[in-house]
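The residues making up each chain are set out below.
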Amino acid sequence: MVKFGIELVPDRPVSKVVELAVAAEEKGLDYVWVTDHYNNRNVYITLTLMATSTKKIMLGTGVTNPYVIHPVWTASAIATLDEISGGRAILGIGAGDRATLEGVGIKWEKPLTSVKEAVEIMRKLLAGEKIKLEGEAFKVAKARLNYKPSRVPPIYVGAQGPKMLEVAGMVGDGVLINASNPKDFEDAVKYIKAGAEKAGKDPSKIDVVAYTCFSVDEDSATAKEAARPIVAFIVAGSPSQVLSKYGITDEAANKVREAIGKGDIKGAIGLVDDTMLNAFSIAGTPSEVTSKINELLKAGVTQVVMGSPLGPKKKAAIDLMSGIASKFK
Ligand code: F42
């Protein structure tokens, strides 16, 4: 059965973010994923408050990275969150955001190897075992937690590129794919499957998560308006081969980039057309987004995450999403 989650960005007072997690639980959603950027509120402090304010909903980092925080520390944080939440922690990890990392002087070296080795280290520690690893990214001479966690929480890998999707298939229990268009998932599933098979795992056991740019409202135009700013930044940050897949020309994307470069965000938003919206978001009325969700499921998605902006009003969007999710149960 398909699962539904919500992505929450701790870019506002934590109490407000926790309120949304509580609403998501009350409305029957299955997962809360909290993004991790050092320049927002701290991911683990936010998740801890969510754990003490909710009872059922699963709580994950969506996603942390092995560069800012060493995997031994992440393993300890997730084990603690799992204890506090009564077995509801999920560990989402990815390569991290290159620009942010370089801004603080961290070199973004060997992203595939770093994620793969980090997962190996964390799985061992979460299983209560000792780890010794002479890896390419990490050298761990001797590490172990001083207690045995009651379980190894599921580990999800954030991935977009073919090689990272393959790594996710090899080492992950799930994959968080930052995309909204069914076309992206048809390809992604092939890479995940190849990775799982290489590692001798059953690919059908891997949770394939669409981590979408999502906006829902009773009024289609209002929903789309709310998604435009995020889509403008996605268009500006996407390489030509991704844009051309959707019939978006370099010329059109360059105009958006120029506007953002000049700080004219309003102008950039005005340049986002329906082709761009359709390529990079799920935005519209409940019936419009439901048909897009159906297409995602056909492409192999097993969990749909309603990501930023959620809608013009976040709580109202959670209400609408709850109605949509209940039709799939
Ligand atoms: N990043 C954050 O910082 N915070 C978040 O909260 C966050 C959430 C999130 C959710 C879902 C999701 O999918 C991604 C998310 N991200 C977040 C972004 C994430 O941290 C990564 O930046 C993003 O997923 C990286 O993109 P990617 O999966 O495509 O991987 C990168 C590294 C890439 O370029 N991959 C390529 C590929 O094909 O997969 C190839 C890279 C490659 O091959 N590089 C070297 C080589 O020579 O082969 C590496 C060699 C080696 O050993 O590693």
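Before going into details, it helps to say that this report is about the structure given with it. As a convention, each chain's residues are numbered from 1 in the sequence order in which they are written. Residue-level local features of this predicted model are given only where pLDDT is at least 70; pairs of side-chain atoms are given and counted only at 80 or more, and the full residue set underlies all totals for whole chains, interfaces and linings. The basis for every side-chain value is the complete set of heavy atoms in the structure, and neither hydrogens nor water enter the calculation.

1. What to know about the site of the ligand
Thinking step 1. Nearness is judged by heavy atoms alone; a residue qualifies as near a molecule or strand once a single heavy atom is within 4 Å of it. The ligand sits among 24 residues. The nearest are Gly-96, Thr-113, Gln-160, Gly-161 and Met-164.
Thinking step 2. Any pair of nitrogen or oxygen atoms within 3.5 Å is treated as a polar contact; in protein, a donor-acceptor pairing is required on top of that, and neighbouring residues in sequence qualify only through side-chain atoms on both sides. Backbone polar atom of Asp-36 to a nitrogen atom of the ligand: 2.9 Å apart, as the coordinates give it.
Thinking step 3. In the environment of the ligand, an oxygen atom lies 3.3 Å from a nitrogen or oxygen atom belonging to the backbone of Pro-162.
Thinking step 4. Protein coverage of the free-state accessible area of the ligand, which is 1,000 Å², stands at 75%.
Thinking step 5. Three classes are used: nonpolar for Ala, Val, Leu, Ile, Met, Phe, Trp, Tyr, Cys and Pro, charged for Asp, Glu, Lys and Arg, and polar for all others, with Gly counted as polar. Of the residues assigned to the shell around the ligand, the class counts are ten nonpolar, ten polar and four charged. Surface accessibility follows the Shrake-Rupley procedure with a 1.4 Å probe radius. Residue values consider only the protein chains on display as shielding.

2. What to know about a nonpolar patch on the surface
Thinking step 1. A cluster of nonpolar side chains, Tyr-38, Val-68 and Val-104, forms an exposed patch at the surface whose accessible area comes to about 280 Å².
Thinking step 2. For the purposes of this entry, the term helix denotes a DSSP run of H or I that reaches at least four residues, the term strand denotes a run of E that reaches at least two, and both are numbered from the N terminus. The residue Val-104 is located in the loop between helix H4 (98-103) and helix H5 (111-126) in this model.
Thinking step 3. Each residue's exposure class comes from its accessible area (1.4 Å probe, protein chains only) as a fraction of the maximum for that residue type: buried when under 20%, exposed when over 50%, partly exposed otherwise. When its relative accessible area of 41% is taken as the criterion, Val-104 is described as partly exposed. Like-charged residues within 9 Å of one another, or nonpolar side chains (Val, Leu, Ile, Met, Phe, Trp, Tyr) within 5 Å, are grouped into patches, provided each residue has over 30% relative accessible area and no salt bridge. Whenever a carboxyl oxygen of Asp or Glu lies within 4 Å of a side-chain nitrogen of Lys or Arg, that contact is scored as a salt bridge.

3. Points about the pairing of strand S7 (residues 155-158)
Thinking step 1. Where burial is concerned, the two faces of S7 agree: the one with Ile-155 and Val-157 and the one with Tyr-156 and Gly-158 are both buried.
Thinking step 2. Two strands qualify as a pair provided that DSSP identifies no fewer than 2 bridges between them. Of the strand pairs in this sheet, S7 and strand S8 (residues 174-177) are connected by three bridges, and their pairing is parallel. By the bridge assignment for S8, Tyr-156 is matched with Gly-174.
Thinking step 3. Orient the strands so they point away from the viewer; a crossover is then right-handed if the path from the first strand over the helix to the second runs clockwise. Taken together, S7, helix H6 (residues 162-171) and S8 constitute a β-α-β crossover, and its handedness is right-handed.

4. Some details on the packing of helix H1 (residues 14-26) against helix H14 (residues 314-326)
Thinking step 1. Axis lines are fitted to C-alpha atoms, over the contacting stretch for helices. Their N-to-C directions set the angle, which ranges from 0 to 180 degrees. The N-to-C vectors of H1 and H14 enclose an angle of 15°; their axes lie 10 Å apart at closest approach. Accordingly, the angle class assigned to the pair H1 and H14 is roughly parallel. The two elements H1 and H14 meet at a crossing, and its hand is right-handed. Between H1 and H14, the contacting residues are Glu-19, Leu-20, Ala-23 and Ala-24 on the first element and Lys-314, Lys-315 and Ile-318 on the second.
Thinking step 2. Among the residues making up the contact of H1 with H14, the classes are represented as four nonpolar, no polar and three charged. Roughly parallel means an angle under 35 degrees; roughly antiparallel means over 145; roughly perpendicular covers 65 to 115; every other angle is labelled oblique. In this scheme the handedness of a crossing depends on how the near helix is turned from the far one: anticlockwise by less than a right angle means left-handed, clockwise means right-handed. Every residue pair with non-hydrogen atoms within 4.5 Å of one another is taken to be in contact.

5. Focus: the packing of aromatic side chains
Thinking step 1. The criterion for an aromatic pair is that two Phe, Tyr or Trp rings (for Trp, the six-membered ring) have centres within 6.5 Å, with stacked assigned to planes under 30 degrees apart, edge-to-face to planes over 60 apart and tilted to the rest. Inspection of the entire model under this criterion finds five aromatic pairs.
Thinking step 2. Here the aromatic rings of Phe-4 and Phe-328 are separated by 5.6 Å at their centres, their planes lie at 50°, and the arrangement is tilted. A residue pair is termed long-range when its members are at least 10 positions apart, and Phe-4 in strand S1 (residues 3-8) and Phe-328 in the segment after H14 qualify at 324 residues.
Thinking step 3. In this structure Phe-4 comes out as buried when scored by relative accessible area, which is 0%.

6. Looking at helix H13 (residues 286-298)
Thinking step 1. The end-to-end C-alpha separation of H13 is 18 Å, in line with the 18 Å expected for 13 residues at 1.5 Å each.
Thinking step 2. Within H13, the full set of buried residues consists of Pro-286, Val-289, Thr-290, Lys-292, Ile-293 and Leu-296. Angular distribution of buried residues about the axis of H13 spans 165°; they occupy a single face of the element. Turned more than 90 degrees away from the buried face of H13, the exposed residues are Ser-287 and Lys-298.
Thinking step 3. Positive backbone phi, at 110°, marks Gly-300, one or two positions downstream of H13. A helix's residues, less one, multiplied by 1.5 Å, set its expected span. Arc, as used here, means the arc of the directions from the helix axis to the C-beta atoms.

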